[in-house]
There are 2 protein chains.
Amino acid sequence: MTDRKKKILAVALELFANDGFSATSTKKIAKEANVSEGLIFRHFENKKGLLNALVQQAIARISVILIPILNEKNPKEVIQKTVELPFNIDKSEYPFWKLQFKLKWENDYESNEKMQPLLDHLAWAFTTLGYPEPEKEATILNHIIESISIGILRDGVHSQESLKTFLIEKYNTPTK
Amino acid sequence: MTDRKKKILAVALELFANDGFSATSTKKIAKEANVSEGLIFRHFENKKGLLNALVQQAIARISVILIPILNEKNPKEVIQKTVELPFNIDKSEYPFWKLQFKLKWENDYESNEKMQPLLDHLAWAFTTLGYPEPEKEATILNHIIESISIGILRDGVHSQESLKTFLIEKYNTPTK
DNA sequence: GTCTATAGGATGATAGAC
DNA sequence: GTCTATCATCCTATAGAC
């Protein structure tokens, strides 16, 4: 992959994430990437193809991010690491995650089967810990970290930070 | 307000919600509303003005929806009604809520201070019930219903339905 | 209030040279 | 691989008639 192609992808990620896919013109991408507009269509068939390339990158990246959790064999650690997930997002990765969440509203991108492995592993963790409704417990925790992630991406980590230890403690003293 | 103006608003709501603001042309709105394109610009200064009109409608509508909860004086009922909120969204209101959630990603729409009264009332309810961290508890519940709402809008009520009674029971047997 | 016609510019995409 | 030049289409918005 050439530097210019990488640059196009990087700029497109940023602009699609911040301004949205339809609101971002290929002209603007080319300008910010210091590249001719025609080059975009040489590397990617069309504008949609550029987005698809970003989505493919994302699928790979997410599965990498999940590895440490999926390999964790201590159920309490699985839960804690899951809770910590949104709080560990580096600012440089905000555009990446923003685009993911925005795409959930795009009709032709069937969203998160990417997160299904996490959901399954969470359910296993809750089962092991003796929770009466492990699947539902997993779904709720997933909802929580999704919404916290959205809050962080919009208003920064600090806006949600106090919830981190609160949640960790909460899941260390379960109702049962 | 004339019938045609109402129709424009209704069609615009639907299209903005489903396809997005930028991806929806005024031409398409006019066509689906059986109205001339020029009329849109007579009634609303420009396309953005049309969106603003929808946002104004939404602010009013949301505060109406919250009234029954904010007037509730039984703290347990406050929580239960909050949990039920997303499950009671009528299908005809999906476009309305979809647009709300999509707008949260739009940089120039400072989102939910509209929900702040609910958050405050929830915090009060948790305080009354003796929860040690009522504000955080309220924030978490708010996160949960936000994410559940998103799930319902994308995949229908049935996709989340089992969580309803699960959550209600969960909040009836608190950890403390 | 509503429609038709149209201006003026932006947009996605292609062709051809280097 | 990359750029320049260009095309056809679409888009928002306005003007003027009814």
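The structure presented is a predicted model; accordingly, all values stated were derived computationally and were not measured.

Digging into helix 4 (residues 47–70) of chain A
And then number 1: Taking 1.5 Å of rise per residue, the 24 residues of helix 4 of chain A would be expected to cover 34 Å, and the 35 Å separating its terminal C-alpha atoms lies within 8% of that figure.
And then number 2: Contacts made by the buried residues of helix 4 of chain A are with helix 1 (3–19), helix 2 (26–32), helix 3 (37–43), helix 5 (75–84), helix 6 (94–103) and helix 7 (116–128) of chain A.

Digging into the protein's contact with DNA strand C
And then number 1: The immediate surroundings of DNA strand C are formed by 16 residues, with A:Thr26, A:Phe41, A:Lys47, B:Ser36 and B:His43 found nearest.
And then number 2: Each atom of DNA strand C within 4 Å of the protein was assigned to sugar, phosphate or base; sugar and phosphate come to 67%.
And then number 3: Here a base oxygen of DNA strand C sits 3.3 Å away from a polar atom, N or O, in the side chain of A:Arg42.
And then number 4: Note that a phosphate oxygen of DNA strand C is positioned 2.9 Å from one of the backbone N or O atoms of B:Ser36.
And then number 5: Mapped onto the surface near DNA strand C, the elements with two or more residues apiece are helix 3 of chain A together with helix 3 (37–43) of chain B.

A short note on the domain arrangement of chain A
All names here are of chain A.
And then number 1: One can read the domain layout of chain A as domain 1 (1–43) and domain 2 (59–170).
And then number 2: Relative to domain 2, the C-alpha centre of domain 1 lies at a distance of 29 Å.
And then number 3: Taken together, the contacts link seven residues of domain 1 with five residues of domain 2.
And then number 4: In this assembly, domain 1 packs against domain 2 so that about 540 Å² is buried in total across both faces, 65% of it on carbon and sulfur atoms.

Notes on the side chain of B:Thr82
And then number 1: As for its placement among the helices and strands, B:Thr82 is situated in helix 5 (residues 75–84).
And then number 2: Beyond its immediate stretch of four places on either side in the chain, B:Thr82 contacts B:Ile69, B:Leu118, B:Leu122, B:Leu141 and B:Ile145.

So, the interface of chain A and chain B
And then number 1: With 32 residues of chain A at the interface, the matching set in chain B holds 32 residues.
And then number 2: The largest per-residue losses of area from chain A upon contact with chain B belong to A:Trp105, A:His143 and A:Arg154, which jointly make up 26% of the total buried on that side.
And then number 3: A salt bridge links B:Glu137 to A:Lys170; the nearest nitrogen and oxygen atoms lie 2.4 Å apart.
And then number 4: Scanning the region where chain A abuts chain B turns up eight residue pairs in polar contact (both at pLDDT 80 or more).
And then number 5: Among the secondary structure elements, those contributing two or more residues to the side of chain A that touches chain B are helix 1, helix 6, helix 8 (134–155) and helix 9 (162–170) of chain A.
And then number 6: Sorting elements by how many residues they give to the side of chain A that touches chain B places helix 8 of chain A first, with 12 residues.

Notes on the packing of helix 1 of chain A against helix 4 of chain A
Residue and element names in this part refer to chain A.
And then number 1: Two numbers describe how helix 1 lies on helix 4: the axes approach to 10 Å, and their chain directions differ by 90°. Looking at the two axes, helix 1 sits roughly perpendicular to helix 4. For the pair formed by helix 1 and helix 4, the contact residues are Ile8, Leu9, Ala12, Leu13 and Phe16 on the first element and Lys47, Leu50, Leu51, Ala53, Leu54 and Gln57 on the second.
And then number 2: Residue composition of the contact of helix 1 with helix 4, by class: nine nonpolar, one polar and one charged.

Things to note about the protein's contact with DNA strand D
And then number 1: The environment of DNA strand D is made up of 16 residues, and the closest members are A:His43, B:Thr26, B:Glu37, B:Phe41 and B:Lys47.
And then number 2: Within 4 Å of the protein, the contacting atoms of DNA strand D are drawn from sugar and phosphate to the extent of 62%.
And then number 3: Interatomic distance of 3.3 Å between a side-chain N/O atom of A:Thr2 and a phosphate oxygen of DNA strand D.
And then number 4: At 2.9 Å from a phosphate oxygen of DNA strand D is found a side-chain nitrogen or oxygen belonging to A:His43.
And then number 5: When residues of the surface near DNA strand D are traced back to their parent elements, those giving at least two are helix 3 of chain A together with helix 3 of chain B.

So, the relation of the copies chain A and chain B
And then number 1: When chain A is brought onto chain B, the operation consists of a screw motion whose angular component is 180° and whose axial shift is 0.0 Å, with 0.0 Å RMSD remaining. Such values leave the two copies arranged in the relation of a two-fold axis.
And then number 2: A high fraction, 100%, of the interface residues of chain A reappear at the interface in chain B, so the copies pair face to face through one surface.

Things to note about the pattern of salt bridges
And then number 1: This model, assessed by the stated rule, comprises 18 salt bridges over all chains.
And then number 2: Of the charged contacts in the structure, one is a salt bridge between A:Asp108 and A:Lys48, with a shortest N-O distance of 3.0 Å. Here A:Asp108 is found in the loop between helix 6 and helix 7, whereas its partner A:Lys48 is found in helix 4, with 60 residues between them in sequence.
And then number 3: Salt-bridge contacts for B:Lys28 lead to B:Asp19; the nearest nitrogen and oxygen are separated by 3.2 Å.
And then number 4: The class of B:Lys28 is partly exposed, set by a relative accessible area of 36%.

Criteria and thresholds
- Residues numbered from 1 in each chain as written.
- Chains lettered and ligands numbered in written order.
- Predicted model: local features only at pLDDT ≥ 70, side-chain atom pairs only at ≥ 80, totals over all residues.
- Heavy atoms only, no water.
- Helix = DSSP H or I, 4+ residues; strand = E, 2+ residues; numbered from the N terminus.
- Expected span 1.5 Å × (residues − 1).
- Contact = heavy atoms within 4.5 Å.
- Near = heavy atom within 4 Å.
- Polar contact = N/O pair within 3.5 Å; in protein donor to acceptor, adjacent residues only side chain to side chain.
- Domains from an automatic or database assignment.
- Buried area = accessible area lost by both parts, 1.4 Å probe.
- Salt bridge = Lys/Arg side-chain N within 4 Å of Asp/Glu carboxyl O.
- Axes fitted to C-alpha atoms, helices over the stretch in contact; angles between N-to-C directions.
- Parallel < 35°, antiparallel > 145°, perpendicular 65-115°, else oblique.
- Nonpolar A, V, L, I, M, F, W, Y, C, P; charged D, E, K, R; others polar.
- Least-squares fit on C-alpha atoms with pLDDT ≥ 70 in both.
- Buried < 20%, exposed > 50% of the residue type's maximum accessible area, 1.4 Å probe, protein only.

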